[in-house]
Amino acid sequence: EIMDQLEIAPLADTPVTHLSVGQRRLLSIAMCIAADARCYLLDEPTAGLDRSHITLACKAVRRLADRGKTIVLVEHNHAVVSRLANHIIDLDLEF
């Protein structure tokens with residue numbers, strides 16, 4: 001079901017080494033969701049994804065939050081952050 005939501009179910013029998021970067025990213029998100037943890041730390045979960053897959057990933061993360069899960073998100077894509085975040089800490093560090 002999780003792989004269906006992220007549109008990677010057809011790749012279930014494909015060796016990871018044959019997956020694209022974006023497909024690996026979606027697989028990582030699916031594995032996180034399958035863990036059914038109380039808290040998730042997601043580091044750039046949409047990096048390497050095209051627009052349609054960013055939407056799928058955001059929906060999956062939003063479903064986790066809607067189930068009462070805590071999500072700590074590190075993300076450079078401000079559109080993704082604004083779609084998902086209830087609270088934002090912006091670390092705009094200049095060196």
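To be clear, the structure that these remarks concern was listed above.
Residues numbered from 1 in each chain as written. Predicted model: local features only at pLDDT ≥ 70, side-chain atom pairs only at ≥ 80, totals over all residues. Heavy atoms only, no water.

### Quick word on the layout of surface pockets
- Estimated volume of the largest pocket: approximately 740 Å³.
- As for the largest pocket, its lining consists of 23 residues, of which Leu 73, Val 81, His 87, Ile 88 and Ile 89 are closest to the centre.
- Looking at the lining of the largest pocket, the elements with two or more residues in it are helix H3 (51-66), strand E2 (70-74) and helix H4 (78-84).
- When grouped by side-chain class, the residues that make up the lining of the largest pocket number 12 nonpolar, six polar and five charged. (1 Å grid on protein atoms, 1.4 Å probe; cavity = no way out; pocket = protein on both sides within 12 Å on 5 of 7 lines; lining within 4 Å. Points joined across faces, edges and corners; volume = space filled by probe spheres on them. Helix = DSSP H or I, 4+ residues; strand = E, 2+ residues; numbered from the N terminus. Nonpolar A, V, L, I, M, F, W, Y, C, P; charged D, E, K, R; others polar.)

### Here we look at the packing of helix H2 (residues 21-35) against H3
- As a packed pair, H2 and H3 sit with axes 11 Å apart at the nearest point and diverge in direction by 10°. In terms of axis orientation, H2 runs roughly parallel to H3. From H2, Leu 26, Ile 29 and Ile 33 reach across to H3, where they touch His 53, Ala 57, Ala 60 and Leu 64.
- Along the lines of polarity and charge, the residues of the contact of H2 with H3 split into six nonpolar, one polar and no charged. (Axes fitted to C-alpha atoms, helices over the stretch in contact; angles between N-to-C directions. Parallel < 35°, antiparallel > 145°, perpendicular 65-115°, else oblique. Contact = heavy atoms within 4.5 Å.)

### Focus: the side chain of Glu 75
- Within the secondary structure, Glu 75 sits in the loop between E2 and H4.
- Although Glu 75 is buried, it makes no salt bridge; Arg 25 carries the closest opposite charge, 7.6 Å away.
- A polar contact is formed between the side chain of Glu 75 and the side chain of Thr 46, at a distance of 3.0 Å.
- Aside from chain neighbours lying at most four places away, what touches Glu 75 is Glu 44, Pro 45, Thr 46, Val 80 and Val 81. (Buried < 20%, exposed > 50% of the residue type's maximum accessible area, 1.4 Å probe, protein only. Lys, Arg positive; Asp, Glu negative; His and termini not counted. Salt bridge = Lys/Arg side-chain N within 4 Å of Asp/Glu carboxyl O. Polar contact = N/O pair within 3.5 Å; in protein donor to acceptor, adjacent residues only side chain to side chain.)

### Comments concerning H2
- Between its first and last C-alpha atoms H2 spans 21 Å; for 15 residues at 1.5 Å apiece the expected length is 21 Å, and the two agree.
- Among all positions of H2, only Gly 22, Leu 26, Leu 27, Ile 29, Ala 30 and Ile 33 are buried. Projected down its long axis, H2 carries its buried residues within an arc of 160°, all on one side. When the buried face of H2 is taken as reference, the exposed residues oriented beyond 90 degrees from it are Val 21, Met 31 and Ala 35.
- The elements touched by buried residues of H2 are helix H1 (2-5), strand E1 (39-43) and H3.
- Just downstream of H2, Asp 36 is the residue with a positive phi angle, here 50°. (Expected span 1.5 Å × (residues − 1). Arc of directions from axis to C-beta.)

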